[in-house]
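Each chain, written out:
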Amino acid sequence: MPDSRHIILAQPRGFCAGVERAIEIVERALTIYGAPVYVRHEIVHNKYVVDSLRSKGAVFVSELDEIPTGGITIFSAHGVSEKVEDDAKLRHLPVIDATCPLVTKVHKEAQRNEAEGNQVILIGHAGHPEVEGTSGRIKGEMLLVSSVDDVDRLQVSDPTHLSYVTQTTLSVDDTSAIIAKLKEKFPAITGPDLRDICYATQNRQNAVRELASKVDILLVIGSTRSSNSNRLRDLGEEMGVASYLINNEHDIKTEWLENASVIGITSGASAPEILTQGVIAYLQSLYSVTVETMNGVSENIKFKLPKEVLVA
Ligand code: SF4
């Protein structure tokens, strides 16, 4: 008789509307325009997704100068700076923009704040493509803060003309603390509170908060480059549960599971469900397994596709 394990699946988990839209844009572009189509940066942060689109003819590049003249050019879900957009125009590259509309909303918010005469602060993680894109959407310098300590060190030109925006995939708890510190230090600052953190990030974090109270171990399926997946793992740890970020079942170490009779599984917004099913199948090969899905929010959001991929 094999050992038994109970699995609880987070609800919601996995793909968000922005990721589904970005993948559909690349697939439709391949169908309409034929391979290759060029995607600047990983379309979403997931190796399985990127490899599968690559096998269909997508070519992933780091910069626009790797794209030949006339090459169909797709911007990733994370968004790009105005300079990248301008460079593409200068080269007359046919662009299809897969930036998530919720990231575009933050770009516009930052631009509106600057137009109103405010210095703009971005709460986010240095080096993330979304942060590079949002920072490059305003004319002046975007001040980046990633922690409460960064706020302590922050120098601004005029504390009475100050606003902030945030990355869409941050930890709700950490961002609350940073915003509270900003408001304490700069009482006149304006900003969206937590509303820039997208629905998918908030829903997945809420689900993990609930899941963590029921499980002995948490497996988060997602890439190490995926901001929202990392935040799910961090949250599990903060809730006192041993939490691991894995690409797929091959990353699981059996010693993690030895004393874990209830295993929680979630996946980041860029991780396809097939990876979750692979992890469950692997656990079924080791143990006698029962699987339960949490009650949770069901998401029905769908974003409009850009016109370039709506042609027959
Ligand atoms: Fe858009 Fe949120 Fe998904 Fe990012 S995680 S692509 S902001 S819906």
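Data block above holds the structure.
The structure presented is a predicted model; accordingly, all values stated were derived computationally and were not measured. (Residues numbered from 1 in each chain as written. Predicted model: local features only at pLDDT ≥ 70, side-chain atom pairs only at ≥ 80, totals over all residues. Heavy atoms only, no water.)

Novice: Can you walk me through the sheet that holds strand β2 (residues 37–40) in this structure?
Specialist: On the basis of which strands lie adjacent, the open sheet formed by four strands has the order β3-β2-β4-β5 and parallel pairing. Lying at the two open borders of the sheet, with one neighbouring strand each, are β3 (58–61) and β5 (95–97). Averaged over all pairs of adjacent strands, the angle between their axes in this sheet comes to 30 degrees, without regard to strand direction. With three bridges joining them, β2 and strand β4 (residues 73–75) adopt parallel strand pairing. Across the sheet, residue R40 finds its bridge partner in β4, namely F75. In the packing of helix α1 (residues 17–33) onto the sheet, contacts are made with β2, β3, β4 and β5, and the angle to β5 comes to roughly 155 degrees. Sheet strands in contact with helix α3 (residues 82–90) are β2, β4 and β5, and its direction is about 170 degrees off that of β4. (Pairing = 2+ DSSP bridges. Helix = DSSP H or I, 4+ residues; strand = E, 2+ residues; numbered from the N terminus. Axes fitted to C-alpha atoms, helices over the stretch in contact; angles between N-to-C directions. Contact = heavy atoms within 4.5 Å.)

Novice: Is there a simple way to explain the packing of aromatic side chains in this structure?
Specialist: For any pair of aromatic rings, geometry is given as the distance between the ring centres together with the angle between the planes. Using the criterion set out here, one finds one aromatic pair in the structure. Look at Y244 and W256: their rings are 3.7 Å apart centre to centre, the planes differ by 5 degrees, and that puts the pair in the stacked class. With Y244 in strand β10 (residues 242–246) and W256 in helix α10 (residues 254–257), the pair connects residues that are 12 residues apart, well separated along the chain. Across from the ring centre of Y287, 4.1 Å away, lies the NZ or CZ of R5, which sits over that ring. (Phe/Tyr/Trp six-rings, centres within 6.5 Å; stacked < 30°, edge-to-face > 60°. Lys NZ or Arg CZ within 6 Å of the ring centre and 35° of its normal.)

Novice: Mind showing me how you'd approach empty space enclosed by the protein here?
Specialist: Rolled over the atoms, a probe with the dimensions of a water molecule shows which regions are left empty. Taken as a whole and assessed by the stated rule, the structure comprises two cavities of 30 Å³ or more. One number sums up the size of the largest cavity: a volume of about 280 Å³. Together, 23 residues line the largest cavity, and C16, V19, H78, T169 and N228 are the ones closest to its centre. Elements represented by at least two residues in the lining of the largest cavity include exactly α1, α4 (101–115), α8 (199–212) and α9 (227–238). Residue composition of the lining of the largest cavity, by class: 12 nonpolar, 10 polar and one charged. At the level of secondary structure, the elements contributing two or more residues to the lining of the second largest cavity comprise α7 (172–185), α8 and α9. Here the lining of the second largest cavity takes four residues from α9, the largest share from any one element. Residues of the lining of the second largest cavity, tallied by class, amount to two nonpolar, two polar and five charged. Among the domains, domain 1 (4–15 + 199–293) and domain 3 (103–185) are the pair contributing at least three residues each to the lining of the second largest cavity. (1 Å grid on protein atoms, 1.4 Å probe; cavity = no way out; pocket = protein on both sides within 12 Å on 5 of 7 lines; lining within 4 Å. Points joined across faces, edges and corners; volume = space filled by probe spheres on them. Nonpolar A, V, L, I, M, F, W, Y, C, P; charged D, E, K, R; others polar. Domains from an automatic or database assignment.)

Novice: Looking at this structure, how should I read α1?
Specialist: In an α-helix, one full turn covers 3.6 residues, which means residues spaced three or four apart are oriented alike. The end-to-end C-alpha distance of α1, which contains 17 residues, comes to 24 Å, matching closely the 24 Å that a straight helix rising 1.5 Å per residue would cover. If you check which residues of α1 are buried, you get A17, G18, V19, R21, A22, I23, I25, V26, A29 and L30. Positive phi appears at G34, one or two residues downstream of α1, with a value of about 85 degrees. (Expected span 1.5 Å × (residues − 1). Buried < 20%, exposed > 50% of the residue type's maximum accessible area, 1.4 Å probe, protein only.)

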